[in-house]
Amino acid sequence: MADVLDGVEIELVCKKCGRVAKKSVRWVKGNVKFTCACGTVIRLDTNQFRQIFAKLDRGLADVHSTAKKFND
């Protein structure tokens, strides 16, 4: 169940021009910065992202485990 969210896309918004870029959770986990089409470099707080994604993954794993118990 680990990394079940890796394929989910999130939106990164440029604070300078307002453009929205969609990147997968997997991409965000593996990068520390993103360069917008306008040239602005956006630094990603990957530690915060990883903590949030880890909590979500654990929660989804718990839901999966509970659902499996009901199906057995």
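Every chain is numbered on its own, with residues counted from 1 as its sequence reads. Given that the model is predicted, a residue must reach a pLDDT of at least 70 before its local features are reported, and side-chain atom pairs must reach 80 or more before they are shown or counted; all residues, however, enter totals for whole chains, interfaces and linings. Each side-chain value is derived from all of the structure's non-hydrogen atoms; neither hydrogens nor water enter the calculation.

1. Topic: the environment of Ala61
Line of reasoning, step 1. For helices the rule is a DSSP run of H or I covering at least 4 residues; for strands it is a run of E covering at least 2, with both sets numbered from the N terminus onward. Tracing the sequence through the fold places Ala61 in helix α2 (residues 46-71).
Line of reasoning, step 2. Sequence separation between Ala61 and Val4 is 57 residues; the distance between their C-alpha atoms is 8.7 Å.

2. Side note on the pattern of salt bridges
Line of reasoning, step 1. By salt bridge we mean one thing: a side-chain nitrogen of Lys or Arg within 4 Å of a carboxyl oxygen of Asp or Glu. What the rule picks out here adds up to 2 salt bridges.
Line of reasoning, step 2. Here Asp6 ties to Arg26 by a salt bridge, and the two come within 3.9 Å at their closest N and O atoms. Taken together, the residues Asp6 in the segment before β1 (9-13) and Arg26 in helix α1 (residues 25-29) connect sequence positions 20 residues apart.
Line of reasoning, step 3. Given a relative accessible area of 10%, Asp6 falls into the buried group.
Line of reasoning, step 4. With a relative accessible area of 52%, Arg26 lands in the exposed category.
Line of reasoning, step 5. The partner of Lys29 in a salt bridge is Asp6, with the nearest N and O atoms 2.8 Å apart. Note on classification: 1.4 Å probe, protein chains only; a residue is buried when its accessible area is under 20% of the maximum for its type, exposed when over 50%, partly exposed between these limits.

Purely geometric numbers; function is a separate question.
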